[in-house]
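# Structural overview for review
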Amino acid sequence: MDGDPAPARVTWWGHSTVWLEDSGVRLLTDPVLTNRVAHLRRRRGPTPRGVSAPDAVLVSHLHADHLHLPSLRRITPSAALVVPAGAAAFLRRAAGAGFADRCVELAAGEHVRIGAVTVHAVPAAHPTGRHHWSRRHATPVGYLVRGAATTWFAGDTGLHDGMAELARADGVAGASSA
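Residues numbered from 1 in each chain as written. Predicted model: local features only at pLDDT ≥ 70, side-chain atom pairs only at ≥ 80, totals over all residues. Heavy atoms only, no water.

### Side note on the pairing of strand β12 (residues 150-153)
Keep this limit in mind: Each residue is placed in one exposure class: buried if its accessible area under a 1.4 Å probe, protein chains only, is under 20% of its type's maximum, exposed if it is over 50%, and partly exposed if it falls in between. Strands here mean DSSP runs of E at least two residues long; helices mean DSSP runs of H or I at least four residues long; both are numbered from the N terminus. A strand pair is defined by DSSP finding two or more bridges across the two strands.
Where burial is concerned, the two faces of β12 agree: the one with Thr 150 and Trp 152 and the one with Thr 151 and Phe 153 are both buried. With 4 bridges joining them, strand β11 (residues 141-146) and β12 adopt antiparallel strand pairing. Paired with Leu 144 across the strands is Trp 152, a residue of β12. Hairpin geometry of β11 and β12 is characterised by an intervening segment of 3 residues between the two adjacent antiparallel strands.

### Quick look at the pattern of salt bridges
Condition: Salt bridges are defined as contacts in which a side-chain nitrogen from Lys or Arg sits within 4 Å of a carboxyl oxygen from Asp or Glu.
Applying the stated criterion to the full structure yields 3 salt bridges. Across the pair Arg 26 and Asp 55 runs a salt bridge whose closest N-O atoms are separated by 3.7 Å. You can see Arg 26 sitting in strand β3 (residues 25-29) and its partner Asp 55 sitting in the loop between β5 (40-41) and β6 (56-58), a full 29 residues away along the chain. Asp 55 sits in the partly exposed class, given a relative accessible area of 29%.

### Notes on the environment of Phe 153
Looking at the element boundaries, Phe 153 is found in strand β12. Among the residues examined, Phe 153 registers a relative accessible area of 2% and is labelled buried. Here the alpha-carbon distance between Phe 153 and Asp 30, two residues 123 residues apart in the chain, equals 9.8 Å.

### Some remarks on the sheet that holds strand β2 (residues 18-22)
What links the strands of a sheet is backbone hydrogen bonding, and the strands pair in either a parallel or an antiparallel sense. This is how it is decided: For helices, the axis comes from a line fit to the C-alpha atoms of the stretch in contact; other axes are also lines fit to C-alpha atoms, and the angle between any two N-to-C directions lies between 0 and 180 degrees.
On the basis of which strands lie adjacent, the open sheet formed by 6 strands has the order β1-β2-β3-β6-β7-β8 and mixed pairing. Of all strands in the sheet, those with a lone pairing partner are β1 (9-12) and β8 (103-106), marking the two edges. Each strand axis lies, on average, 20 degrees off the axis of its neighbour in the sheet, ignoring direction. Strand direction decides the pairing type here: β2 and β3, joined by 5 bridges, are antiparallel. Within the sheet, the bridge partner assigned to Leu 20 lies in β3 and is Leu 27.

### Some words on the confidence of the model for the chain
What counts here: Every residue gets a pLDDT, meaning the predictor's confidence in that residue, from 0 to 100.
On average, residues of the chain score 80 in pLDDT, and 78% of them reach the 70 mark or higher. Taken element by element, the predicted model of the chain shows its lowest mean pLDDT in strand β13 (residues 171-173) (58) and its highest in strand β9 (residues 111-114) (98).

### A word on the nonpolar core
Note the threshold: Throughout this description, the term nonpolar core refers to a set of buried Ala, Val, Leu, Ile, Met, Phe, Trp, Tyr and Cys residues connected via side-chain atoms within 4.5 Å. Here, two residues are considered to be in contact whenever any of their heavy atoms come within 4.5 Å of each other.
Core analysis: the largest hydrophobic core is formed by 20 residues, its most contacted members being Val 57, Leu 67, Leu 72, Ile 75, Leu 81, Val 83 and Leu 91. For this core, the secondary-structure elements that each account for two or more residues are α1 (69-73), β7 (80-84) and α2 (87-95). Here the element with the most residues in this core is α2; it accounts for 4 residues. Discounting chain neighbours no more than four positions away, the residues touching Val 57 are Leu 28, Pro 31, Leu 72, Ile 75, Ala 79, Ala 80, Leu 81 and Val 82. Grouped together as the second largest cluster of nonpolar side chains are 16 residues, Val 25, Val 112, Val 117 and Val 141 included.

### Side note on the packing of aromatic side chains
Threshold: Pairing of aromatic rings covers Phe, Tyr and Trp, the last counted by its six-membered ring, and requires centre-to-centre distances within 6.5 Å; plane angles under 30 degrees mean stacked, over 60 mean edge-to-face, and any other angle means tilted.
Summed over the entire model, instances satisfying the criterion amount to 1 aromatic pair. Ring plane angle 20 degrees and centroid distance 5.7 Å describe the contact between Trp 13 and Trp 19, whose orientation is recorded as stacked. For Trp 13, a relative accessible area of 22% puts it in the partly exposed group. Note on Trp 19: relative accessible area 5%, which makes it buried.

Below is the structure:
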């Protein structure tokens, strides 16, 4: 029908990196835009190149394979960074004020409007630190993106109460297990 919004489009770029387009809004999840992060190596598909400017980047938690600083540096500075509550302090120390100033921190149950979509932070069950011995912590989240479709980006999560309700989304994007 004329006037109906375009359906959501999801493109998986490896690991937990997903390009999501919904209602004219472009979102990038947990970007890893390199061939390698520590011991993890890209095994399938080409390294994403020429990433067009997302409206926002959704980061699920602090682990380096999800909050990958070299990849974030490749993304236009106009993109908002939607991060778990407490992550902006880590970004300020690790990457500088320019990154922290772009952050929108969300705890599970909170939301932010980005263009024509609403991004809701939802619970995730995963360790909170940057690494096992880190003093830097932020409670991991997943995201429900509500626009023409409802898409659940799980991030890195184990099973938890409430997943059945989240699974009713129109699509699940980028769930990884690590």
